[in-house]
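Examination of the molecular architecture
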Amino acid sequence: MKSPHIPRDECGVFAVFGHPDAAQLTYYGLFALQHRGQESAGIVTSEGPNSRFRRHVEMGLVGQVFSETNLEALKGTRAIGHVRYSTTGSSLIKNAQPLMGESGRGQLAVGHNGNLINAALLRDELEQNGSIFQTTVDSEIILHLLAQPNTSSGVLSALRKVEGAFTLVVMSDRQILGVRDPFGFRPLVLGKLDGAYILSSETCALDLIHAEFVREVEPGEVVIIDESGVRSEFPFAQAKKAFCIFEYVYFARPDSIISNINVAKVRTSMGRELARLHPVEADLVVPVPDSGTYAALGFAEELGIPFEHAFVRNHYIGRTFLQPTQLIRDFNVRVKLNLIKEAVAGRRVVVVDDSIVRGTTARARVVNLREAGAREVHMRISCPPHKHACHYGIDFPDPRNLLANQHTMDEIREYLGADSIGYLDTAAMVRATEQPAANFCMACFNGDYPVPVDPKLDKFIMERRLGRSGLLTSDEEHPQLFNGLK
């Protein structure tokens, strides 16, 4: 059960070409990428030309979705896999990926991480030309666009029509493609194992299956893998780099490598920068696990304050059939993290977390610490205040529900009930990555969107499109399939 008060993960993609155990490797890869999406999981496999694709998708975690039996049924030497958190389209089985279809180009399957900002426009155009959609996800638009051309150059032309954030794995009868949008919003890496090629959202999945890391897929690159090996195309106009810096702050696993730097190292550096920016006299530094752990470690080391895990995480949370809010106050908060009261009683405590979105959960943490007898509670956040929506694949709430968008720092401190609060600033956050600021998208912090967006764009835009037909009141306004012979 994920809290509704933190930014939701996006999606993870994985692919294997040329290995007899492609489905099993993809299963392990998705297991390593589970942090990127916990709503659904799926794998599509192929034995090559003249064979039928096999697909298994379900709602739930990877370990719940797949068994030995259904993995054995996913025969083939090629596979693509996907774990999903919905960024466009509701959390429904029909929206689970990879999506699969047949066309004049043969069989196609697509897994997508990101968010298309021109999804509604493209879907209108496709429907006007006769396309019939089965889902409400923007990823299906990509499937329809790829199905239309009948030449390889046409495929690249189709990809140029989509705008926004998209990291893709695409499987046809003969090839697997890895695609990264020209801004490079989301990560994608290329690996190799026993002569087979691997594509993955993060390097941690390569580590799990003992695959060799070859390189990152470049922004704007299409990697084409087939029996002859690997080649690349760059079909997109060159664009300014805009890698999502929140991958370093929260999304990516700490053991992953992004742009030749370990994510855990960046988070520890962010904690050190935070300590320099907002020092405090305290007896104890406490992380909010797991994403706040490395920043808290850096904060504690920089100021010489003892570090202790006072919050204990329950790693076995699933969906509860009962919400006992009348019986147990703050159940949704306490079931995820419980507090060791003896560790904080009578002490001045610094709590380090990666972000505050709505603030409800952070406020409950402060209340818990006060009830446990903490003498002082200081909040430190290892990224800047979130003030703007993300339209590139992170499900942040409406800006009106973002705490920092509506309140001053002193109002936030008072709302949380903390003795002090300190956020990392943009310059220090970037400094911790050891890369130039020009490499990153930081729109959720500063409102500077690399690709212009419609402010009304959100994850339910496709559902709202479907609702338009309900506004048509007269029979004459409804399109007719058959009007009689002429």
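Cut-offs and rules
The numbers attached to residues start from 1 for each chain and follow its sequence in the written order. Local features in this predicted model are restricted to residues of pLDDT 70 or higher, and side-chain atom pairs are both shown and tallied only at a pLDDT of 80 or more, whereas totals for entire chains, interfaces and linings draw on every residue. By convention in this description, side-chain values take in all heavy atoms of the structure and omit both hydrogens and water. Helix and strand assignments come from DSSP, with helices taken as H or I runs of at least 4 residues and strands as E runs of at least 2, each series counted from the N terminus. Think of it in three bands: with a 1.4 Å probe and only protein chains considered, a residue is buried below 20% of the maximum accessible area for its type, exposed above 50%, and partly exposed in between. The contact criterion used throughout is that any non-hydrogen atoms of two residues lie within 4.5 Å. Only the protein chains shown count as cover for residues, and the accessible areas themselves come from Shrake-Rupley with a 1.4 Å probe. Exposure above 30% relative accessible area and the absence of a salt bridge qualify a residue for a patch, where like charges join within 9 Å and nonpolar side chains (Val, Leu, Ile, Met, Phe, Trp, Tyr) within 5 Å. In the sections that follow, a salt bridge refers to a side-chain nitrogen of Lys or Arg positioned within 4 Å of a carboxyl oxygen of Asp or Glu. For helices, the fitted axis covers only the stretch in contact; all axes are lines through C-alpha atoms, and the angles between them, taken along N-to-C directions, range from 0 to 180 degrees. Note on terminology: angles under 35 degrees are roughly parallel, angles over 145 are roughly antiparallel, angles of 65 to 115 are roughly perpendicular, and the others are oblique. Take the far helix as the reference: if the near one is turned anticlockwise from it by less than a right angle, the crossing is left-handed, and if turned clockwise, right-handed. Residue type decides the class: Asp, Glu, Lys and Arg count as charged, Ala, Val, Leu, Ile, Met, Phe, Trp, Tyr, Cys and Pro as nonpolar, and the leftover types, Gly among them, as polar. Aromatic pairs are defined between Phe, Tyr and Trp rings, using the six-membered ring for Trp, whenever the two ring centres lie within 6.5 Å; interplanar angles under 30 degrees are classed as stacked, those over 60 as edge-to-face, and all others as tilted. Geometrically, a charge over a ring is one whose NZ (Lys) or CZ (Arg) sits within 6 Å of the ring centre while staying within 35 degrees of the ring normal. Pairing between strands is defined by DSSP: at least two bridges between the two strands are required. What pLDDT expresses is the predictor's confidence in each residue, scored from 0 to 100. We call two N or O atoms a polar contact when they sit within 3.5 Å, provided that within protein one can donate a hydrogen and the other can accept it, with sequence-adjacent residues counted only if both atoms are side-chain atoms.

What follows covers the overall build of the protein. The secondary structure content of the protein amounts to 18 helices and 23 strands. Scored against the burial criterion, the 486 residues of the protein give a buried share of 56%. Pairs at least 24 residues apart make up 71% of the contacts formed inside the protein by residues separated by at least 6 positions. Counting every atom, the protein has about 21200 Å² of accessible surface; 51% of that belongs to carbon and sulfur.

What follows covers a nonpolar patch on the surface. A surface patch of nonpolar side chains, about 310 Å² in accessible area, is lined by Tyr-28, Phe-31 and Leu-208. Within the secondary structure, Leu-208 is located in helix 7 (residues 203–208). Assessed through its relative accessible area of 44%, Leu-208 is described here as partly exposed.

This paragraph deals with the packing of helix 4 (residues 119–128) against helix 5 (residues 139–147). Relative orientation of the contacting elements helix 4 and helix 5 amounts to 45°, with a least axis distance of 10 Å. Taken together, the axes of helix 4 and helix 5 lie oblique to each other. You can see that helix 4 and helix 5 cross each other, and the crossing is left-handed. For the pair helix 4 and helix 5, the contacting residues are Ala-119, Leu-122, Arg-123 and Leu-126 in the first and Ile-141, His-144 and Leu-145 in the second. Taken together, the residues that form the contact of helix 4 with helix 5 break down as five nonpolar, one polar and one charged.

Here we come to the packing of aromatic side chains. Under the definition given, this model contains 13 aromatic pairs. Here the aromatic cluster, defined as three or more aromatic residues joined through ring pairs, consists of Tyr-27, Tyr-28, Phe-31 and Phe-66. For Arg-365, the ring lying beneath its charged end belongs to Phe-311, and the centroid distance is 5.7 Å.

Through backbone hydrogen bonds, the strands of a sheet pair up, either in parallel or in antiparallel fashion. Pairing in this open sheet of six strands is antiparallel, and the strands run 5-6-7-8-12-13 from one edge to the other. Looking along the sheet, the strands with just one partner apiece sit at the ends: strand 5 (99–103) and strand 13 (229–233). The average angle at which neighbouring strand axes cross in this sheet is 20°, direction not considered. Here five bridges tie strand 7 (residues 164–171) to strand 8 (residues 176–180), and the two strands are oriented antiparallel to one another. Bridge pairing in strand 8 places Val-170 opposite Leu-177. Contacting strand 5, strand 6 (106–116) and strand 7, helix 5 crosses the sheet at an angle of about 140° to strand 6.

As a further point, take the sheet that holds strand 2 (residues 40–46). Overall, antiparallel pairing links the seven strands, which are arranged 3-2-4-1-10-9-11 in an open sheet. The outermost strands of the open sheet, each flanked by one partner alone, are strand 3 (54–59) and strand 11 (212–216). Taken pair by pair, the neighbouring strands of this sheet meet at an average axis angle of 15°, ignoring direction. Bridge analysis of strand 9 (residues 189–193) against strand 10 (residues 196–200) gives five bridges, and the strand direction is antiparallel. When the sheet's bridge partners are listed, Leu-193 is paired in strand 10 with Ala-196. Across the sheet, helix 1 (residues 22–32) lies against strand 1 (11–17), strand 2, strand 4 (78–84) and strand 9, angled at about 25° from strand 4, the strand it touches most.

Once that is clear, we can look at the environment of Gly-292. Position of Gly-292 relative to the elements: it lies in the loop between strand 17 (284–287) and helix 10 (293–303). Residue Gly-292 is classed as buried on the basis of its relative accessible area of 0%. Put simply, Gly-292 and Asp-353 are 61 residues apart on the chain and 4.5 Å apart in space, counted from C-alpha to C-alpha.

Here the protein averages 87 in pLDDT, and 85% of its residues register 70 or above. Every residue in residues 319–325 scores below 50 in pLDDT, and together they form five contacts with partners more than four places removed in sequence or on other chains. In this model residues 459–465 is a low-confidence stretch, pLDDT under 50, and it forms 25 contacts with partners more than four residues away in sequence or in other chains.

Think of it this way: side chains of opposite charge can pair up when their charged atoms draw near. This structure, assessed with the given rule, holds 23 salt bridges. Residue Glu-102 pairs with Arg-52 through a salt bridge whose shortest N-O separation is 2.2 Å. Note that Glu-102 is positioned in strand 5 and Arg-52 in the loop between strand 2 and strand 3, a separation of 50 residues in sequence. Given a relative accessible area of 58%, Glu-102 falls into the exposed group. We classify Arg-52 as exposed; its relative accessible area is 51%. Of the charged contacts, one joins Glu-127 and Arg-123 as a salt bridge, the two residues approaching to 3.1 Å between their closest N and O atoms. With Glu-127 and Arg-123 both in helix 4 and four residues apart, this pair spans about one turn of that helix. By relative accessible area, Arg-123 is classed as buried at 3%. One salt-bridge network, in which partners are shared between bridges, spans Arg-272, Glu-273, Arg-276, Glu-301, Glu-302 and Arg-431.

Working note: regular strand, side chains alternate between the two faces of the sheet. Burial within strand 20 (residues 348–353) is extensive, with six of its six residues counted as buried. Side-chain alternation along strand 20 places Arg-348, Val-350 and Val-352 on one buried face and Val-349, Val-351 and Asp-353 on a second face that is also buried. Where strand 17 and strand 20 come together, four bridges link them in parallel fashion. If you follow Val-286 over to strand 20, its bridge partner there is Val-351. Pairing geometry for strand 20 and strand 21 (residues 376–381), over six bridges, is parallel.

This part is about the side chain of Asp-138. The topology assignment puts Asp-138 in the loop between helix 4 and helix 5. Of the polar contacts made by the side chain of Asp-138, one reaches the backbone nitrogen of Leu-116; its length is 2.8 Å.

What follows covers helix 16 (residues 426–433). Among the residues making up helix 16, those that are buried are Ala-428, Met-429, Val-430, Ala-432 and Thr-433. Once helix 16 ends, the next one or two residues include Glu-434, with phi positive near 65°.

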